[in-house]
Amino acid sequence: MNAIEPRTLYFEDYTVGFEMQGGAYPVTEEEILEFGRRFDKQPIHNDPEAAAHSHFGGLVAPGCLTFCIRTALGTQMPFRPALVAGLGVEKMDLSKPVRAGDVLSLRMLVIDRRLSSSRPDRGIVTMEHAVMNQKDEVVLSMVSRMMVEVRGDRDV
């Protein structure tokens, strides 16, 4: 069976208000423990017994893991940017803990776009991201900027 190739989005495709959403990423206890043991050695991330006695009342995913899941969810979208470079992340908030058994999804919204002043064959796109759990609660929100190619086949 052939997988459907994602559609490439160029600068012209990213209009303010354009929204993409989807994905379903099940978070497992094994993944939280492995990530916590490798990269964030806090008991709330790698010791279920200690985490049970914390203010969280149980194991929670490290914020870095939640950010990585956001990236994985982005690759599940039916679209791919004609990406030149990621330009940064700002205003990232981790508003709710992520726990084993949560199923996360992603919503992205274009909030700004402009042509590059130094490279007119490239544009800068600013997006809001929201990672949500199965209860539709936002667990991570952020704003990112990326540089994408201009298709150049119509006016922008």
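Description of the structure in this document. Predicted, not measured: the structure shown is a model, and the values here were computed from it. (Residues numbered from 1 in each chain as written. Predicted model: local features only at pLDDT ≥ 70, side-chain atom pairs only at ≥ 80, totals over all residues. Heavy atoms only, no water.)

Thoughts on the pattern of salt bridges
Argument step 1. This model, assessed by the stated rule, comprises five salt bridges.
Argument step 2. The closest approach of N and O atoms between Arg 119 and Asp 121, which form a salt bridge, is 3.7 Å.
Argument step 3. Linking Asp 121 and Arg 122 is a salt bridge whose minimum nitrogen-to-oxygen distance equals 3.9 Å.
Argument step 4. Among the charged side chains, a network of salt bridges with common partners joins Arg 7, Asp 13 and Arg 151. (Salt bridge = Lys/Arg side-chain N within 4 Å of Asp/Glu carboxyl O.)

What about the layout of surface pockets?
Argument step 1. Considering only enclosed or pocket space, the largest pocket measures out at about 430 Å³ in volume.
Argument step 2. Arg 70, Pro 81, Met 108, His 129 and Met 146 are, among the 23 residues lining the largest pocket, the residues nearest its centre.
Argument step 3. Where the lining of the largest pocket is concerned, the elements lending two or more residues are α4 (63-75), β3 (79-81), β4 (83-93), β6 (122-132) and β7 (138-149).
Argument step 4. Looking at the lining of the largest pocket residue by residue, the class counts come to 13 nonpolar, seven polar and three charged. (1 Å grid on protein atoms, 1.4 Å probe; cavity = no way out; pocket = protein on both sides within 12 Å on 5 of 7 lines; lining within 4 Å. Points joined across faces, edges and corners; volume = space filled by probe spheres on them. Helix = DSSP H or I, 4+ residues; strand = E, 2+ residues; numbered from the N terminus. Nonpolar A, V, L, I, M, F, W, Y, C, P; charged D, E, K, R; others polar.)

Quick notes on the side chain of Glu 12
Argument step 1. Looking at the secondary structure, you find Glu 12 in the loop between β1 (7-9) and β2 (19-26).
Argument step 2. With no salt bridge to any partner, buried Glu 12 finds its closest opposite charge in Arg 151, at an N-O distance of 4.3 Å.
Argument step 3. From its side chain, Glu 12 meets the backbone nitrogen of Arg 151 in a polar contact 2.9 Å long. (Buried < 20%, exposed > 50% of the residue type's maximum accessible area, 1.4 Å probe, protein only. Lys, Arg positive; Asp, Glu negative; His and termini not counted. Polar contact = N/O pair within 3.5 Å; in protein donor to acceptor, adjacent residues only side chain to side chain.)

Describing the nonpolar core
Argument step 1. Residues Tyr 14, Leu 104, Val 125 and Met 127 are the most contacted members of the largest nonpolar core, which totals 30 residues.
Argument step 2. Of all the elements in the fold, those that place two or more residues in this core are β2, α1 (29-39), α4, β5 (103-115), β6 and β7.
Argument step 3. Considering every element that reaches this core, the biggest residue donor is β7, with five residues.
Argument step 4. Look past the residues within four positions of Met 127 in its chain and what remains in contact with it is Tyr 14, Met 20, Met 108, Leu 109, Val 110, Ile 111, Met 142, Val 143, Ser 144 and Met 146. (Core = buried A, V, L, I, M, F, W, Y, C linked by side-chain atoms within 4.5 Å. Contact = heavy atoms within 4.5 Å.)

Focus: the pairing of β7
Argument step 1. Bridging between β4 and β7 involves seven bridges; their strand directions are antiparallel. When the bridges of β7 are listed, Val 89 appears paired with Ser 144.
Argument step 2. Here β6 runs beside β7; their pairing, made up of 11 bridges, is antiparallel. Paired with Val 131 across the bridge in β7 is Leu 140.
Argument step 3. Between the end of β6 and the start of β7, which pair antiparallel, lie five residues, with Asp 136 showing a positive phi angle near 65 degrees. (Pairing = 2+ DSSP bridges.)

Points about unusual backbone geometry
Argument step 1. The phi dihedral of Lys 91 falls on the positive side, at around 55 degrees, and the residue is not glycine.
Argument step 2. Within the element layout of this structure, Lys 91 appears in strand β4.
Argument step 3. For Asp 136, which is not a glycine, the phi torsion comes out positive at approximately 65 degrees.
Argument step 4. Along the chain, Asp 136 falls in the loop between β6 and β7.

Regarding α4
Argument step 1. For α4, with 13 residues, the first-to-last C-alpha span of 19 Å sits near the 18 Å given by 1.5 Å per residue.
Argument step 2. Listing the buried residues of α4 in full gives Leu 65, Thr 66, Ile 69, Arg 70, Leu 73 and Gly 74.
Argument step 3. Buried residues along α4 sit in contact with β2, α1, β3, β5, β6 and β7. (Expected span 1.5 Å × (residues − 1).)

In short, the description is geometric, and any link to function would need to be established separately.
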